[in-house]
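Residue-level structure breakdown
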Amino acid sequence: MGNIIVPKAWEDRELRAVEEHVYLNRREILRDLAVVTVGLIAGPMLSSCSDESDPVEGPDSSIGDRNFAFPGMDSLYPAARNSNYELDRPLSDPFDVTHYNNFYEFIHPDDEDIKSIFKYVSVFDTRDWMIQVSGLAERTGIFHLGDLITEMGLEERLYRHRCVEAWAMAVPWTGFPFSRLIQFLEPKNTVTHVRMQTIENRDQMQGIDYQTWWPWPYVEALRIEEAMNELAFIATGLFGKPLPKQNGAPVRLVVPWKYGFKSIKSIVKIEFLDHQPETFWNKAVPAEYGFLANVDPSVPHPRWSQETEIMIIDGDRRATQKYNGYGELVAHLYE
Ligand code: MTE
């Protein structure tokens, strides 16, 4: 594809209207809701980082070595594909997946476009990544991600991805099952939930100081049975290479039967708990974002329908499937 800018199907006027409907609601209307809900007053829009970041130039550089977090581990990519996880649609274009992102920590005050997130991530330092494990488990402490990857091994899985904002993709993730990591960490049998937290790096993530109305840091959580489900995946790669920063480098969660906001990026903390913790979106706007957040076409978002989704590749509008089509594997968790 090179650096030639080809207009995407989702940039068509009709689709843009849908996109704006959803996007503006999320970015602007929610902001007001959050101010009320969280009880914060949005102060002056502060920015700790300006346009000095070095934008990613094209699809190749955006998924290439510049985002590589663990020198010396490149031989692990691409990993063998696990053919148990098949798609009912073509894979999304790598350009779209790496240039159409939600990563609120990197939203720029003067350029809030979802298609601009990738421009502001190059300052993000993802090298020598450590994850702190705490709470009710036998193995707690600080783990180097490189060591965990060596211990866990890597495989590739093709998953559908469905954002609560009604856009969808089909993505090849590389990583390992969350259950494998959990077994390695040996949680106690009183554990009911796993809490995960994104790095809160205010020097490199200008969106944090600017969006004062959100309850930073970004936190997500799963019930332990959900985290142990075979679909729950810890991703370290995308399209056969280490994760690009805008997609949550160097390590993120992927839970494809839930709306995308549950799939927390750039994880630095994992905690085993005996209660349900507060989570970012649920705390900010509880009336709009439930804790479980399972994809369900019959439950509309208060401000838009969830009956259909728009594929970010060709603009195809498809019927939303309950549990994003993964009911066979996860429905029993909610009976
Ligand atoms: N994790 C963090 N830390 N910050 C975010 O803003 N956005 C979530 C999720 N994880 C988000 C996050 C949302 S709303 C979605 S849809 C997915 O990341 C988007 O992932 P993608 O950019 O790789 O498509």
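The following paragraphs examine the structure supplied in this document. Source: prediction; values computed, not measured.

**Examining the overall build of the chain**
Assigned secondary structure in the chain consists of 9 helices and 12 strands. Expressed as a percentage of the 335 residues in the chain, the buried residues total 58%. Within the chain, counting contacts between residues at least 6 apart in sequence, those at least 24 apart form 75% of the total. Counting every atom, the chain has about 13,800 Å² of accessible surface; 50% of that belongs to carbon and sulfur.

**Quick word on the packing of aromatic side chains**
On inspection of all chains with the given rule, the structure shows 19 aromatic pairs. Taking 5.8 Å as the distance between ring centres and 90° as the angle between the ring planes, the aromatic pair formed by Tyr85 and Tyr159 counts as edge-to-face. Highlighted residues: Tyr85 in the loop between helix 2 (59-62) and helix 3 (94-99) and Tyr159 in strand 3 (residues 155-162), separated in sequence by 74 residues. Of the two residues, Tyr85 and Tyr159, neither departs from the other in class, the shared state being buried. Their ring planes at 85° and their centres at 5.0 Å tell us that Tyr100 and Trp167 sit as a pair that is edge-to-face. Here Tyr100 is found in the loop between helix 3 and strand 1 (130-135), whereas its partner Trp167 is found in strand 4 (residues 167-177), with 67 residues between them in sequence.

**A look at the sheet that holds strand 6 (residues 219-223)**
Strands sit in the order 2-1-10-5-6 across an open sheet of 5 strands; the sheet is mixed. The outermost strands of the open sheet, each flanked by one partner alone, are strand 2 (141-144) and strand 6. Strand after strand, the sheet turns through a mean of 20° between neighbouring axes, direction not considered. Judged from the 4 bridges that link them, strand 1 and strand 2 form a sheet pairing that is antiparallel. Across the sheet, Met130 pairs through a bridge with His144, a residue of strand 2.

**Looking at the site of the ligand**
Taken together, 18 residues lie near the ligand, and Tyr104, Glu105, Thr198, Arg252 and Lys265 sit nearest. For the ligand, an oxygen atom lies 2.7 Å from a polar atom in the backbone of Tyr104. A distance of 2.6 Å separates an oxygen atom of the ligand from a polar atom in the side chain of Lys265. Look at the ligand: alone it shows 530 Å² of surface, and the protein chains cover 99% of it. Across the shell around the ligand, the residue classes tally to 7 nonpolar, 7 polar and 4 charged.

**Quick word on the pairing of strand 10 (residues 267-273)**
By the criterion of burial, strand 10 is predominantly enclosed, with 5 of the 7 residues buried. In terms of strand pairing, strand 1 meets strand 10 through 4 bridges, oriented parallel. By the bridge assignment, Gln132 is partnered in strand 10 with Lys269.

**Here we look at the pattern of salt bridges**
Oppositely charged side chains can form a pair if their charged atoms are brought close together. Considering all chains together, one arrives at 18 salt bridges under this definition. Glu271 is paired through a salt bridge with Arg195; the nearest N and O atoms lie 3.9 Å apart. Separated by 76 residues along the polypeptide, Glu271 in strand 10 and Arg195 in strand 5 (residues 193-198) bring together distant segments of the chain. Accessibility expressed as a relative area gives 18% for Arg195, which makes it buried. Residue Glu288 pairs with Arg303 through a salt bridge whose shortest N-O separation is 2.5 Å. Here the residue Glu288 occupies a position in the loop between helix 8 (280-284) and strand 11 (308-311), and Arg303 occupies one in the loop between helix 8 and strand 11, the gap between them amounting to 15 residues. Put simply, Asp88, Arg89, Arg160, Arg162 and Glu309 are held in one network by salt bridges that share partners.

**Notes on helix 4 (residues 145-152)**
Among all positions in helix 4, only Leu145, Gly146, Leu148, Ile149 and Met152 are buried. Mapping the buried residues of helix 4 onto a view down its axis gives an arc of 160°, with all of them on the same face. Helix 4 presents Asp147, Thr150 and Glu151 as exposed residues on the side facing more than 90 degrees away from its buried surface. Buried-residue contacts for helix 4 involve strand 1, strand 2, strand 4, helix 5 (178-185) and strand 7 (233-238). In the stretch just after helix 4, Gly153 is the one whose phi turns positive, near 80°.

**Observations regarding unusual backbone geometry**
The residue after Tyr77, namely Pro78, is reached through a cis peptide bond having omega -5°. Note on placement: Pro78 falls in the loop between helix 2 and helix 3. Of note, the bond from Trp216 into Pro217 is cis; its omega dihedral lies within 30 degrees of zero at 0°. Here Pro217 shows up in the loop between helix 6 (206-210) and strand 6.

What counts, and where the lines are drawn
Residues numbered from 1 in each chain as written. Predicted model: local features only at pLDDT ≥ 70, side-chain atom pairs only at ≥ 80, totals over all residues. Heavy atoms only, no water. Helix = DSSP H or I, 4+ residues; strand = E, 2+ residues; numbered from the N terminus. Buried < 20%, exposed > 50% of the residue type's maximum accessible area, 1.4 Å probe, protein only. Contact = heavy atoms within 4.5 Å. Areas by Shrake-Rupley, 256 points an atom, 1.4 Å probe, with all protein chains shown as cover. Phe/Tyr/Trp six-rings, centres within 6.5 Å; stacked < 30°, edge-to-face > 60°. Pairing = 2+ DSSP bridges. Axes fitted to C-alpha atoms, helices over the stretch in contact; angles between N-to-C directions. Near = heavy atom within 4 Å. Polar contact = N/O pair within 3.5 Å; in protein donor to acceptor, adjacent residues only side chain to side chain. Nonpolar A, V, L, I, M, F, W, Y, C, P; charged D, E, K, R; others polar. Salt bridge = Lys/Arg side-chain N within 4 Å of Asp/Glu carboxyl O. Arc of directions from axis to C-beta.

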